[in-house]
Amino acid sequence: MDPDRPTALLRGKRFVLGVTGSIAAFKAVGLLRTLKSHGASVSVVMTNSATKFVTPLTFEVLSGEPVTTDLFQAHEEMKHLTVPDGAHAVIVAPATANVLAKAAVGLADDVLSTMLLTTRCPLIVAPAMDGGMWEHPTVVEHVRTLRSRGVVVLDPEVGPLASGQIAQGRLAAESRIIDAVQNALALQADWLGQRVLVSAGPTQEAIDPVRFISNRSSGKMGYAIAEAARDRGAKVVLVTGPTALTPPSGVEVVPVVSAHEMADALSRHFDWATVVIMAAAVADFRPKDRADHKLKKSGRTAFSLELETAPDILSMLSARRTTQILVGFAAETERLIAHATAKLTAKGLDMIVGNDVTKEGAGFGSDDNAAVILTRSGGQKEFAVMPKRRLADAILTEVLGVGSVGQPSSIATE
Ligand code: CTP
């Protein structure tokens, strides 16, 4: 734990601590005591196998609260099946490969996994498992799924395991778990009061009623930003081109198709917004004429399409901004920094998120992304490949660092 970090973040907070059947279950006792010593209240939920390692009585005495272990016992008082309304975070430590799998696929066959399906507050998971399991493709996949949903999954540590092997599988040190909890709490409300306008996905520019010009954007980055901003307390409007993604709850979603429609929707919400994040891949050109009927190939051996420019939405918004912070994206295939810097200046942005879409495991369609964030004041920060949701959080944290969020932008007066 960072010794200088105020533990005030933990004081008065309410946590649910899930303990599962790993030899490291005894370490959850120490974690509980530390949380309590910082003034938090903790209710413990144990899986059946966890009770083979540590008795519920130990947690009951130390937490001063009844421990829930049994789904059917919990059924009698239905409230124990769901995370209490006032809970600030759910911590699962140690988490077995089994509970990771259940959480990833939504199985609810015991009290802890049932409760995880009702978790709406931050969820911090500290896995512990025997050698080799952490690297198993199934576990890797489940961890990836959970992280992509915003769950904080701590990497276990390398060291001697119960089996005698030396491998990555030891429960993260208590200080790392406490730090992760504090980070989650700090993030929880740092966008409170902000009104965020996010664009996502591709646009489609019609050629005729059945054909269009579009691009490979999946919308995942923009949706991840919208969800992260919502989770951190912001009000969010998401203007989205056509995607295969599920609309996020708790966010106003405005579906659009073309660049013109996207420009209209963003313009309508612009005065309301304090921050605008343009993650959409907007068409630069559109067919000059849209045929009313399906174009026929009969008799043609070649076909050319005349294109005209589509509105440059960011430049348009930048020209009429008052106090809004403007963040753009630059998806590039070469000379990333040079192109991103040029766009930052040309479009009058506060920040631009540049990404090399040719990078393996990142970019269009992928669940992961890497980026370089450039700011108007000359800042430059690189972010290695990580789940889009984590990158979304990193971007939001950087936006707050731009300063003057919600204040008149100095650019507006330049
Ligand atoms: N953008 C926009 N309107 C457009 C095109 C792009 O608002 N018609 C926004 C994108 O949402 C992104 C930023 O501008 O945030 C940069 O988009 P990009 O397509 O990389 O840049 P372009 O200006 O289109 O430049 P080029 O196509 O030459 O790379």
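The structure displayed is predicted, hence computed values, not measured ones.

Rules used throughout
- Residues numbered from 1 in each chain as written.
- Predicted model: local features only at pLDDT ≥ 70, side-chain atom pairs only at ≥ 80, totals over all residues.
- Heavy atoms only, no water.
- Helix = DSSP H or I, 4+ residues; strand = E, 2+ residues; numbered from the N terminus.
- Buried < 20%, exposed > 50% of the residue type's maximum accessible area, 1.4 Å probe, protein only.
- Areas by Shrake-Rupley, 256 points an atom, 1.4 Å probe, with all protein chains shown as cover.
- Pairing = 2+ DSSP bridges.
- Right-handed = clockwise from strand over helix to strand, strands pointing away.
- Domains from an automatic or database assignment.
- Contact = heavy atoms within 4.5 Å.
- Buried area = accessible area lost by both parts, 1.4 Å probe.
- Salt bridge = Lys/Arg side-chain N within 4 Å of Asp/Glu carboxyl O.
- Polar contact = N/O pair within 3.5 Å; in protein donor to acceptor, adjacent residues only side chain to side chain.
- Nonpolar A, V, L, I, M, F, W, Y, C, P; charged D, E, K, R; others polar.
- Axes fitted to C-alpha atoms, helices over the stretch in contact; angles between N-to-C directions.
- Parallel < 35°, antiparallel > 145°, perpendicular 65-115°, else oblique.
- Left-handed = near helix turned anticlockwise from the far one by under 90°.
- Core = buried A, V, L, I, M, F, W, Y, C linked by side-chain atoms within 4.5 Å.

1. Observations concerning the overall build of the chain
When helices and strands are counted, the chain shows 14 helices and 19 strands. For the chain, the C-alpha atoms occupy an extent of roughly 80 × 55 × 45 Å along the three principal directions. Expressed as a percentage of its 414 residues, the buried residues of the chain come to 49%. Accessible area for the chain stands at about 19,200 Å²; split by element, carbon and sulfur atoms hold 53% of it.

2. Here's the deal with the pairing of strand β1 (residues 14-19)
With respect to burial, β1 is a largely interior element, five of its six residues being buried. Two strands pair when backbone bridges link them, and β1 and strand β2 (residues 41-46) are joined in this way by six bridges, in the parallel orientation. Residue pairing across strands places F15 opposite V42, the latter belonging to β2. Tracing the backbone out of β1, into helix α1 (residues 25-37) and back to the parallel element β2 gives a crossover that is right-handed. Taken together, the four bridges between β1 and strand β3 (residues 89-95) define a ladder with parallel strand orientation.

3. Comments concerning the domain arrangement of the chain
Taken domain by domain, the chain comprises domain 1 (14-189) and domain 2 (195-287 + 300-410). Taking only C-alpha atoms, the centre of domain 1 and the centre of domain 2 are 36 Å apart. Listed as interface residues are eight residues of domain 1 and, on the opposing side, nine residues of domain 2. Interface of domain 1 and domain 2: buried area, both sides summed, is about 660 Å²; carbon and sulfur atoms make up 53% of it. Looking only at domain 1, the three residues that lose the most surface to domain 2 are R144, R147 and L187, adding up to 60% of its buried area. The interface formed by domain 1 and domain 2 holds one salt bridge in total. Across the contact surface, domain 1 and domain 2 share one residue pair in polar contact (both at pLDDT 80 or more). Where the side of domain 1 that touches domain 2 is concerned, the elements lending two or more residues are α7 (137-148) and α8 (174-188). Top element by residues in the side of domain 1 that touches domain 2 is α7. It accounts for three residues. Residues that form the side of domain 1 that touches domain 2 fall into these classes: two nonpolar, three polar and three charged.

4. Considerations on the packing of helix α9 (residues 220-231) against helix α13 (residues 388-401)
Viewed as axis vectors pointing N to C, α9 and α13 meet at an angle of 60°, and their least axial separation amounts to 8 Å. Viewed along their axes, α9 and α13 adopt a mutual orientation that is oblique. Of the two possible hands of crossing, α9 and α13 adopt the one that is right-handed. Contact residues: α9 offers K220, M221, A224, I225, E227, A228, A229 and D231, while α13 offers K388, R389, L391, A392, D393, I395 and L396. Residues belonging to the contact of α9 with α13 are distributed by class as follows: nine nonpolar, no polar and six charged.

5. Points about the nonpolar core
One finds F15, L17, V19, V44, F59, I91 and I177 to be the most contacted residues of the largest nonpolar core, which totals 34 residues. Put simply, the parts of the chain that give this core at least two residues each are β1, α1, β2, β3, β4 (123-127) and α8. Leaving out residues up to four positions away in the same chain, V19 has contacts with A25, A28, V44, V45, M46, T47, A50, F59, A93, P94 and L112. Listed in part, the 33 residues of the second largest apolar core include I225, V251, M351 and V353.

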